[in-house]
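# Inside the fold
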Amino acid sequence: MSNRGGFSDRLGFVAAAAGSAIGLGSIWKFPFEVGSNGGAAFVLVYVLCCFVFCFPIMLAEVAIGRKTHKNAVGAFGVLGFKQWSIIGKLGLVSGVLILSFYNVVSGWAFGFFIEIMRGNFGIGKEFSTFISDIPLMTTYSALFMVMTAFIVARGISGGIEKATKIMIPALFVILIGLMLYAFSLDHALTGLKFYLVPDFSKITFKVIYSALGQAFFSLSLGMGALITYGSYFSRDNNIVSSSVIIIAATISIAFIAGLMMFPFVAYISQGTMQGVGSGPGLIFTVLPGVFESFGTTLGIIVGGSFFLLLSFAALTSTVSLLEVPVAYLVDEYKWDRQKTVWGVALFIFLIGIPSMLSSGASPFFTEFITYLGATKATDFLTFVQHIANDTFLPLGGFMISIFTAYYWKKENLDAELTAGNEGYANSWVRPLVHIAVSFVCPIILGIIFVLTVLDRFFGIALV
Ligand code: TRP
């Protein structure tokens, strides 16, 4: 274990795991999911999913990692359940798929940062031209992958931990500043009302499964990222309280991102909230126009901060995604860490090319697939998100709960959660976690998983 490296302290682990969690999911995806799924109703379901389903699975993942000091695949073998390493293998596939498109969107964010710093506010209106400009997108996403690999290559405490300990606090500060600024704009209240007043009639099955997918994705669960990070965590630290902090930080950031975003949308739409459901382009098309209206200097400061924030958030997440396959190859095949990092980064960059082409550059990837019963084609990038984020992650979470409750056994989970947290054995959390991993997670996640697949890919809506 000594030559694997590890986090230097509890804060290092929390910063890295929160960094993994807080990312494009909270700042880019969350506001547009809220916008297209009924505002506050979605927010409530999301928070509920985080605590009811995700918290117990987070505990299980970190405990499995820390107990074994192994990567997402190897950990199951060390526990004596080699056949269950299928969970880790599915996780590797999900991670590679997620990083492949995530890096493309991170490239957009980074590209917007550069453009806004140059005073090019028109970039919002040219969003679709911009993201189908292949030479430019190749450059930005390659650059982003290089930054990611650079951090991961420096190891756990010297790379990932150091980078996240700087970037996460910076991100909090920038985001709070932007939120306060957004509050001062005209129509801010209209935006906040859209965001915060729930309309329960909007809660449909689609809202529930989108919120669940969003919860898994934003907490980096279901694919062994936290098994991997947990494997670098020392046994005298408290997993339960660390997990609560990670979840609270992620929900807060997503929530604050909404508090900033909806006043911005209200301001630019003059209170009509037009365009709020515009999907993935939301922050990219809406915000540059907002920044432009502040005048050049202020616009560059506010807009530059925003896209820098988004790039930071993305970077602390891409490092966690890259670390999963790297840890696997280094642990299991004794590959050289440096070479593995750069090799895997290149491989995933290449896998991301179809996603890069799917925003207009290639008609084939742009209209990649039409689900049964759907009227519109889905592009490749969105398709990968549907497969990896919304399907594989909940499936991974489902399997982790079954594995933990019925194979590894609750007593072993308890023992690992008690290490570094003496009070756990008698705390009220313990029985709740037992009920969650044994019944609530497997049953509800299993049902939602089946219904989601039927609904999304086959157009069969049972509820
Ligand atoms: N949680 C990150 C986000 O919200 C994305 C991410 C990083 C992730 N690592 C992950 C998602 C592992 C699932 C699994 O932006």
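A brief look at the structure comes next. These numbers were taken from a predicted model, which means no experiment stands behind them.

## Here we look at the overall build of the chain
Along the chain, the regular secondary structure elements total 19 helices and 0 strands. Computed over its C-alpha atoms, the radius of gyration of the chain comes to 21 Å, within 12% of the 23 Å expected for a compact globule of 463 residues. Dimensions of the chain, computed from the C-alpha atoms along their principal axes, are close to 60 × 50 × 45 Å. The 463 residues of the chain split such that 60% are buried. Entry remark: accessible area of the chain is about 17100 Å², with carbon and sulfur atoms responsible for 68%.

## Comments concerning the nonpolar core
In this structure, Phe284, Phe306, Leu310 and Leu322 are the most contacted members of the largest nonpolar core, which totals 167 residues. The dominant element in this core, judged by the number of residues it contributes, is helix 12 (residues 239–268), at 17 residues. Residues in contact with Phe284, not counting those within four places in the same chain, are Trp28, Val105, Trp108, Ala109, Phe112, Gly124, Phe127, Phe307 and Leu310.

## Regarding empty space enclosed by the protein
In total, this model carries 2 cavities of 30 Å³ or more according to the counting rule given. By volume, the largest cavity is sized at about 120 Å³. Lining the largest cavity are 15 residues, with Ser20, Ile98, Phe217, Ser220 and Leu321 sitting closest to its centre. Counting only elements with at least two residues in the lining of the largest cavity, the list comes to helix 1 (10–21), helix 5 (85–117) and helix 14 (296–333). When residues in the lining of the largest cavity are grouped by element, the largest group, 3 residues, is from helix 14. Among the residues forming the lining of the largest cavity, the class breakdown is 9 nonpolar, 6 polar and no charged. Here the second largest cavity defines a volume of roughly 50 Å³. Lining the second largest cavity are Tyr209, Leu212, Gly213, Asp390, Pro394, Ile448, Phe449 and Thr452. Counting only elements with at least two residues in the lining of the second largest cavity, the list comes to helix 10 (205–218), helix 18 (380–418) and helix 19 (429–458). A per-class count over the lining of the second largest cavity returns 5 nonpolar, 2 polar and 1 charged.

The rules behind each value
Residues numbered from 1 in each chain as written. Predicted model: local features only at pLDDT ≥ 70, side-chain atom pairs only at ≥ 80, totals over all residues. Heavy atoms only, no water. Helix = DSSP H or I, 4+ residues; strand = E, 2+ residues; numbered from the N terminus. Rg over C-alpha atoms; globule rule 2.2 N^0.38 Å. Buried < 20%, exposed > 50% of the residue type's maximum accessible area, 1.4 Å probe, protein only. Areas by Shrake-Rupley, 256 points an atom, 1.4 Å probe, with all protein chains shown as cover. Core = buried A, V, L, I, M, F, W, Y, C linked by side-chain atoms within 4.5 Å. Contact = heavy atoms within 4.5 Å. 1 Å grid on protein atoms, 1.4 Å probe; cavity = no way out; pocket = protein on both sides within 12 Å on 5 of 7 lines; lining within 4 Å. Points joined across faces, edges and corners; volume = space filled by probe spheres on them. Nonpolar A, V, L, I, M, F, W, Y, C, P; charged D, E, K, R; others polar.

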